[in-house]
Amino acid sequence: MSSENLRLQVTAAPFTHSPRTTAAVMRDVSLALLPVLFAAVWYFGIVAILVVGTATLGAVLTDAVLGRQGWAGLKDGSAILTGVLLGLTLPPGIPLWMALLGGVAGIGLGKVVWGGLGHNIFNPALVGRAFLQAAFPITLTTWVAPGSGSLVSLPASTLAVPLLHVDAVSAATPLGLAKFQGTLTAVGPLLTGNVAGSLGETSAIILLAGGAYLMWRRAFDWRIPASIILTTAVLQAVASAIWPGLAPPQMMVFSGGLLLGAIYMATDPVSSPTTPRGAWIFGAGIATLVVLIRNWGGLPEGVMYAILLMNAASPLIERATQPRVFGRDKRRLL
Amino acid sequence: MSARQLDPGTTEPEAGPLKLVATLTIAGLLSGVAIVGAWQTTRPTILAYQAQVLKAAVFKVVPGAQGLQRLAWQGQTLAAEADPGGEGDDTPVVYGAYDASGALIGYAIPAEGAGFQDKIGLIYGYDPDASKIVGLRVLDSRETPGLGDKIIKDQEFVHGWDDLSTTPSIELVAHGKKAAPNQVEAISGATISSKAVMRIVSGSYADWAERLPKRADAPRQEITPAASPAKEVAP
Amino acid sequence: MSQSDRTAEELLKGLWKENPTFVQVLGMCPALAVTNSAVNAIVMGLATLFVLVASSGLVSMLRHFIPKQVRISTYIVIIATFVSVADLVLQATLPVVHKELGAFIPLIVVNCLILGRQEAFAAKNTVKLAIADAIGMGLGFTFALTLLGVVREILGSGSLFGMALFGPNYEPWVVMILPPGGFIMLGLILLVFSWVKQRRQARQARQADPAPKVGVA
Amino acid sequence: MTANLLGIFIGSLLVNNFVLSYFLGLCPFFGVSGKLQTAFRLGMASTFVMVVTSLCASLLNTYVLPYAPYLRLISFILVIASTVQFVEMAIKKLSPALFKALGIFLPLITTNCAILGLALFQTSRGYNLIQGLVFATGAGLGFTLALVLMAGIREESELADQPAVVRGTAMTLIAAGLLSLAFMGFAGLFGGEA
């Protein structure tokens with residue numbers, strides 16, 4: 001990063017002007033997330049609120065303390081949204097101190113060092129999730145079966161003392177079952193959400209409804225989720241026709257974090273391409289990676305990694321799909 | 001390094017080609033002498049250590065072993081292979097494990113294959129008379145610390161191989177689901193690495209164990225007190 | 001400046017002011033690859049120190065005899081020889097650490113730090129100064145590696161030099177001994193470095209110019 | 001054991017990406033990833049040198065090194081240095097335009113530890129000629145991929161108004177860390193079972 005580059009006054013993507021303010025979009029997204037949160041409480045109990053709340057607390061505090069704008073930077077609501085999204089990707093039994101750490105890591109590494117909102121390359125919520133997954137691989141893949149406790153009872157691991165390990169009982173997710181035991185889960189429970197998994201990836205119907213609402217409010221680029229869902233379905237249909245042992249396409253789309261990721265994470269306007277063609281490519285790339293990792297990778301789930309990888313590629317996609325500026329010669333990507 | 005530093009200076013007075021060649025030759029010669037010297041000096045220690053590691057591993061996977069020797073197929077017969085043929089030698093070998101009298105009590109079979117991250121190298125003990133795997137140790141792995149490296153650290157998994165029937169074939173089952181003598185329990189949370197170990201052992205078993213002779217037909221170990229049993233390891 | 005002052009200065013600069021890892025950002029491959037435990041980090045640092053001192057001494061001694069055109073090749077031959085020797089000696093004396101370091105001992109050959117010091121310093125200075133410079137750089141490198149190794153091992157394994165620190169129930173931050181943790185931890189350390197540096201500069205600027213200044217972000 | 005070729009290729013391209021998981025080739029990764037175009041060209045030139053080196057290393061492993069294993073390191077480094085020299089001369093002769101474009105980056109490849117690392121890994125894993133070539137191609141393209149992704153990120157974040165403390169190497173390291181975190185998703189992909 002040499003200093004000889006001329007510092008132009010450049011605003012960050014998206015360049016297109018929209019009458020909708022950041023805060024308004026954030027409000028819509030938060031509204032659409034409310035039912036998801038209710039579903040999490042319904043299936044896993046009050047602990048859902050605690051986990052999401054702690055993750056949000058970590059995110060907000062980090063943004064306020066380390067962020068350049070301090071407490072004023074919280075007004076646009078983006079740090080809160082990051083925290084809530086992060087919380088929804090966590091397993092219900094996660095110790096709260098880890099959720100807090102996830103919020104700190106997500107905002108710290110995913111947002112503050114990049115220069116704050118609008119400049120981050122990666123989705124901060126997923127940065128936090130990926131950091132936690134790499135740091136505590138076992139805890140982050142220890143799932144609780146839905147409805148296994150009462151509404152107010154907490155899993156033993158929730159209140160674990162920071163830095164210490166507590167063993168927890170583990171239930172398998174539909175994707176884990178398909179991958180490691182060859183057992184498929186019916187579409188019914190996937191749609192209603194009566195399956196083990198992260199807090200926010202339970203009910204496909206509720207997630208889709210939230211997506212429809214956001215589309216109606218024009219709060220996001222509908223091309224990205226559309227592209228992800230369509231490509232996943234098509235690729236998996238082809239793949240499962242060739243290799244009959246693989247999971248069917250409907251299961252691929254409705255299980256795990258695909259919908260949550262497609263609707264709420266991949267659509268983050270800062271870390272995804274802004275051109276329409278770029279959005280389609282971005283989505284298709286995520287879907288391809290998800291299908292690859294889920295079918296042939298070592299991990300049962302790959303949505304988070306797929307989105308982060310395409311986040312990294314999105315500056316290149318944006319460059320390749322930018323409309324040519326009049327008067328300039330054709331510029332190749334490389 | 002900047003490019004400027006690598007660019008031979010052209011303004012300097014030219015040295016004759018003879019001098020250039022002479023410099024490089026002398027440097028090469030001296031370097032050769034130094035390396036060969038170090039090699040000669042350190043070789044015995046390195047070999048002794050490797051032999052010790054191998055011996056420890058063989059004795060662990062074949063309980064009760066007192067001695068070992070390299071065995072390789074020579075045509076249709078399994079025979080003792082005196083000396084390894086150098087580093088490039090990759091003749092597949094097994095190690096015969098012997099009791100104090102020089103009678104074979106089992107084989108230690110090295111095997112390797114792809115794991116979750118990188119190659120996994122392991123050695124397992126096989127008792128041909130009982131058709132049983134009697135022990136297993138992972139020697140080499142770069143599996144995820146805290147997760148995949150449980151194939152080395154998780155004692156429950158490691159000892160799951162201590163008395164494992166191979167009839168009709170060995171199987172991996174989920175943690176806590178062992179129901180038959182030919183089943184090993186996977187490590188919960190590290191299913192992929194467990195699977196990799198199982199795959200490596202199964203593959204090697206099909207290649208080796210089925211045609212290994214029974215105890216009585218195996219080559220005996222010559223008991224010569226001076227002979228150090230293992231010369232080189234290729235774990 | 002007296003001769004001994006100069007020697008001391010060349011020795012000290014590598015430790016802090018021109019620290020190869022934190023300031024010059026050289027030799028990053030081993031700095032990240034082997035620092036998942038403190039022992040590995042120290043052994044790697046010392047092996048590099050040995051190669052650096054030996055090569056710098058020899059190169060400086062021979063600096064009038066090596067023709068310009070073949071100097072890089074000659075340096076590489078010299079370095080590769082010492083690395084081969086170090087590799088064999090380590091394998092004989094510390095076989096367990098040697099196995100963990102794996103291919104990264106031979107890779108000392110292409111550590112830009114070593115070739116860089118030959119070209120930038122040893123080839124132009126007396127043997128005494130060259131060795132002082134090499135010791136300083138080597139120690140600075142070892143210090144940086146050890147610092148990184150200690151932090152990563154404590155967080156990532158809950159131990160230091162293989163001894164458990166927090167008892168059996170510690171939940172290790174596995175990420176710290178994985179590749180991403182290496183990158184991120186070194187990045188954070190550099191961040192702290194430049195933050196300290198900035199604050200010091202800001203203070204100096206304030207002292208020089210008493211007028212109130214806008215704080216640095 | 002004969003590792004399958006797809007596993008080797010994907011392994012060196014993504015799963016164990018040389019830069020992001022083995023920390024090889026970091027000097028050019030940090031030095032040259034500022035501009036997309038140079039990153040891509042350097043990546044491709046390195047890939048070519050890797051393939052040639054892999055070929056030479058295979059031959060050396062088969063015909064020379066069984067007799068003199070202690071010469072492994074020194075013979076590899078000499079092969080790499082001469083390959084780079086040769087590639088430089090060949091490109092200069094065949095395509096002066098490309099030579100000009102690559103410019104100073106060619107000699108830098110000699111000290112790219114990814115190349116020596118490739119030869120050493122190939123040897124320690126016992127790859128044969130074909131496996132070695134597949135490994136080298138995967139590793140080279142993986143190096144290019146990491147370089148290009150990083151260049152994209154850096155070109156974009158140059159424009160951002162980052163905190164002054166973060167600018168520079170610290171930023172690049174954290175970006176590489178996050179990229180490496182994302183690449184963890186490839187763990188086990190086609191691992192020997194495809």
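## Topic: the overall build of chain A
Assigned secondary structure in chain A consists of 13 helices and zero strands. Ordered by position from the N terminus, the helices and strands of chain A form the series α-α-α-α-α-α-α-α-α-α-α-α-α. Long-range pairs, those at least 24 residues apart, make up 75% of the contacts in chain A with a sequence separation of at least 6. Approximately 14,200 Å² of chain A is accessible, and the part contributed by carbon and sulfur atoms is 67%.

## Concerning the overall build of chain B
Within chain B one finds five helices and nine strands. Counted from the first residue to the last, chain B has its helices and strands arranged as α-α-β-β-β-β-β-β-α-α-β-β-β-α. Expressed as a percentage of the 235 residues in chain B, the buried residues total 43%. In chain B, once contacts between residues fewer than 6 apart in sequence are set aside, the share between residues at least 24 apart is 56%. Surface summary for chain B: the accessible area is close to 11,400 Å², and the carbon and sulfur share equals 57%.

## Re the confidence of the model for chain B
Low pLDDT means the predicted atomic positions in that stretch should not be read closely. Residues and elements named next belong to chain B. When pLDDT is averaged along chain B, the result is 76; 80% of the residues meet or exceed 70. Taking the mean pLDDT of every element in chain B, the minimum, 42, falls on helix α1 (residues 3-6) and the maximum, 87, on helix α2 (residues 17-61). Every residue in residues 1-11 is under pLDDT 50, and counting partners more than four places away or in other chains gives 16 contacts. Confidence drops under pLDDT 50 across residues 225-235; counting only partners more than four residues distant or on other chains, this segment forms 24 contacts. Interface scoring of the predicted complex returns ipTM 0.84; its pTM is 0.85.

## Regarding the environment of Leu126(A)
Residues and elements named next belong to chain A. For Leu 126, the position within the fold is in helix α5 (residues 124-135). Given a relative accessible area of 3%, Leu 126 falls into the buried group. Taking the C-alpha atoms as reference, Leu 126 lies 6.7 Å from Leu 86; in sequence the two are 40 residues apart. Residue contacts for Leu 126: discarding those within four places in its chain leaves Met 265, Met 304, Ile 307 and Leu 308.

## Considerations on the interface of chain A and chain D
Every contact between the two is made by 34 residues of chain A and, on the other side, 37 residues of chain D. Summing the contributions of chain A and of chain D, the shared interface buries around 3,300 Å²; its carbon and sulfur component is 71%. At the junction of chain A with chain D, the criterion picks out one salt bridge. Of the charged contacts in the structure, one is a salt bridge between Glu155(D) and Arg319(A), with a shortest N-O distance of 2.3 Å. Where chain A touches chain D, the interface holds one residue pair in polar contact (both at pLDDT 80 or more). Put simply, the parts of the chain that give the side of chain A that touches chain D at least two residues each are α5, α12 (276-296) and α13 (303-321) of chain A.

## Points about the packing of aromatic side chains
Applying the stated rule across the entire model yields 22 aromatic pairs over all chains. Where Phe157(B) meets Trp161(B), the ring centres are 6.0 Å apart and the plane angle is 80°; that geometry is what we call edge-to-face. Assigned by exposure class, Phe157(B) and Trp161(B) land together as buried. Here Phe183(D) and Phe186(D) contribute two aromatic rings whose centre-to-centre distance is 5.4 Å and whose plane-to-plane angle is 75°, an arrangement assigned as edge-to-face. Classification of Phe186(D) by relative accessible area gives buried; the value is 4%. An aromatic cluster is built from Phe18(D), Tyr22(D), Phe121(D), Tyr127(D) and Phe135(D), whose rings are joined through pairwise contacts. Above the face of the Trp216(A) ring, Arg217(A) is positioned so that its terminal group lies 5.9 Å from the ring centre.

## Comments concerning the interface of chain C and chain B
Each partner contributes to the interface: chain C provides 29 residues, whereas chain B provides 29 residues. Counting the surface lost from both chain C and chain B, the interface buries some 2,400 Å², and carbon and sulfur atoms represent 74% of this. Linking chain C with chain B are zero salt bridges. Linking chain C with chain B are two residue pairs in polar contact (both at pLDDT 80 or more). Listing elements by their share of the side of chain C that touches chain B, those giving two or more residues are α4 (71-93), α5 (95-101) and α6 (112-120) of chain C. Looking at the side of chain C that touches chain B element by element, the count peaks at twelve residues for α4(C).

## Quick notes on a positive patch on the surface
A surface patch of like charges, here positive, comprises Arg199(C), Arg200(C), Arg203(C) and Arg206(C). If you trace the backbone, Arg206(C) turns up in helix α8 (residues 179-208).

## A short note on the pairing of strand β1 (residues 67-74) of chain B
Each regular strand displays side chains that alternate between the two surfaces of the sheet. Residue and element names in this part refer to chain B. Burial of β1 is extensive: six of the eight residues sit out of reach of the surface. Two strands pair when backbone bridges link them, and β1 and strand β3 (residues 94-98) are joined in this way by five bridges, in the antiparallel orientation. What sits directly across from Leu 71, in β3, is Val 94. Pairing of β1 with strand β2 (residues 77-80) involves four bridges; the strand directions are antiparallel. Of the residues in β2, the one forming a bridge with Trp 73 is Leu 78. A loop of two residues connects β1 with β2, the two strands running antiparallel in sequence, and Gly 75 in this loop sits at a positive phi of about 70°.

## Description of the packing of helix α9 (residues 129-159) of chain D against helix α10 (residues 169-183) of chain D
Residues and elements named next belong to chain D. Interhelical geometry of α9 versus α10 gives an angle of 125° and a closest axis separation of 11 Å. In this view, α9 runs oblique relative to α10, as classed from their interaxial angle. Considering the relative orientation of α9 and α10, their crossing is right-handed. Touching Leu 145, Ala 146, Leu 149, Met 150, Ile 153 and Arg 154 of α9 are Thr 172, Ala 175, Ala 176, Leu 179 and Phe 183, all from α10. Class assignment of the residues belonging to the contact of α9 with α10 gives a composition of nine nonpolar, one polar and one charged.

## Some remarks on the environment of Ala39(A)
All names here are of chain A. Secondary-structure assignment places Ala 39 in helix α1 (residues 22-44). What makes Ala 39 buried here is its relative accessible area of 7%. Placed 101 residues apart in sequence, Ala 39 and Leu 140 show a C-alpha to C-alpha distance of 20 Å. Those residues in contact with Ala 39 that sit more than four places away from it in its chain are Thr 202 and Ile 206.

## Observations concerning the state of the cysteines
Here, disulfide denotes a covalent bond that connects the sulfur atoms of two cysteines. As enumerated under the stated definition, the model contains one disulfide over all chains in all. Covalent S-S linkage joins Cys112(C) and Cys27(D), the inter-sulfur distance amounting to 2.4 Å. Taking the sign of the S-S torsion, about 60° here, the bridge from Cys112(C) to Cys27(D) comes out right-handed. With Cys112(C) in helix α6 and Cys27(D) in helix α3 (residues 26-32), this residue pair bridges two chains. Taking relative accessible area as the criterion, Cys112(C) reaches 6% and is therefore assigned buried. On the accessibility criterion, Cys27(D) (24% relative accessible area) is partly exposed.

## Let's talk about the side chain of Thr275(A)
Residue and element names in this part refer to chain A. Within the element layout of this structure, Thr 275 appears in the loop between α11 (258-265) and α12. Side-chain polar atoms of Thr 275 contact the backbone nitrogen of Gly 278, separated by 3.1 Å. Setting aside residues up to four positions removed in sequence, Thr 275 forms contacts with Thr 321, Gln 322 and Pro 323.

## Regarding unusual backbone geometry
Unlike most non-glycine residues, Ser131(B) shows phi in positive territory, near 50°. Located in the positive-phi region is Phe161(C), a residue other than glycine, with phi close to 50°. By secondary structure assignment, the location of Phe161(C) is in the loop between β1 (159-160) and β2 (163-164).

## Concerning the pairing of strand β6 (residues 132-140) of chain B
All names here are of chain B. Bridging between strand β5 (residues 119-127) and β6 involves seven bridges; their strand directions are antiparallel. Within β6, the residue paired with Gly 121 across the bridge is Asp 140. Counted along the chain from β5 to the antiparallel partner β6, the turn is four residues long, and its residue Ser 131 has a positive phi close to 50°. Alignment of β6 against strand β7 (residues 164-165), held across two bridges, turns out to be antiparallel. From the neighbouring strand, Ile 133 faces β7, where its bridge partner is Leu 164.

## Thoughts on the pattern of salt bridges
Inspection of the entire model under this criterion finds eleven salt bridges over all chains. Between Glu301(A) and Arg294(A) there is a salt bridge, with the nearest N and O atoms lying 2.8 Å from each other. Where Glu10(C) meets Arg6(C), a salt bridge forms, and the shortest distance between an N and an O atom there is 3.0 Å. Of the two residues, Glu10(C) and Arg6(C) both sit in helix α1 (residues 3-13), four residues apart, roughly one turn of that helix. Through salt bridges with shared partners, one network takes in Arg6(C), Glu10(C), Lys13(C), Arg117(C) and Asp133(C).

Basis of the calculations
- Residues numbered from 1 in each chain as written.
- Chains lettered and ligands numbered in written order.
- Predicted model: local features only at pLDDT ≥ 70, side-chain atom pairs only at ≥ 80, totals over all residues.
- Heavy atoms only, no water.
- Helix = DSSP H or I, 4+ residues; strand = E, 2+ residues; numbered from the N terminus.
- Contact = heavy atoms within 4.5 Å.
- Areas by Shrake-Rupley, 256 points an atom, 1.4 Å probe, with all protein chains shown as cover.
- Buried < 20%, exposed > 50% of the residue type's maximum accessible area, 1.4 Å probe, protein only.
- pLDDT = per-residue confidence, 0-100.
- Buried area = accessible area lost by both parts, 1.4 Å probe.
- Salt bridge = Lys/Arg side-chain N within 4 Å of Asp/Glu carboxyl O.
- Polar contact = N/O pair within 3.5 Å; in protein donor to acceptor, adjacent residues only side chain to side chain.
- Phe/Tyr/Trp six-rings, centres within 6.5 Å; stacked < 30°, edge-to-face > 60°.
- Lys NZ or Arg CZ within 6 Å of the ring centre and 35° of its normal.
- Patch = residues over 30% accessible without salt bridge, like charges linked within 9 Å, V, L, I, M, F, W, Y side chains within 5 Å.
- Lys, Arg positive; Asp, Glu negative; His and termini not counted.
- Charge placed at Lys NZ, Arg CZ, Asp CG, Glu CD.
- Pairing = 2+ DSSP bridges.
- Axes fitted to C-alpha atoms, helices over the stretch in contact; angles between N-to-C directions.
- Parallel < 35°, antiparallel > 145°, perpendicular 65-115°, else oblique.
- Left-handed = near helix turned anticlockwise from the far one by under 90°.
- Nonpolar A, V, L, I, M, F, W, Y, C, P; charged D, E, K, R; others polar.
- Disulfide = S-S within 2.5 Å.

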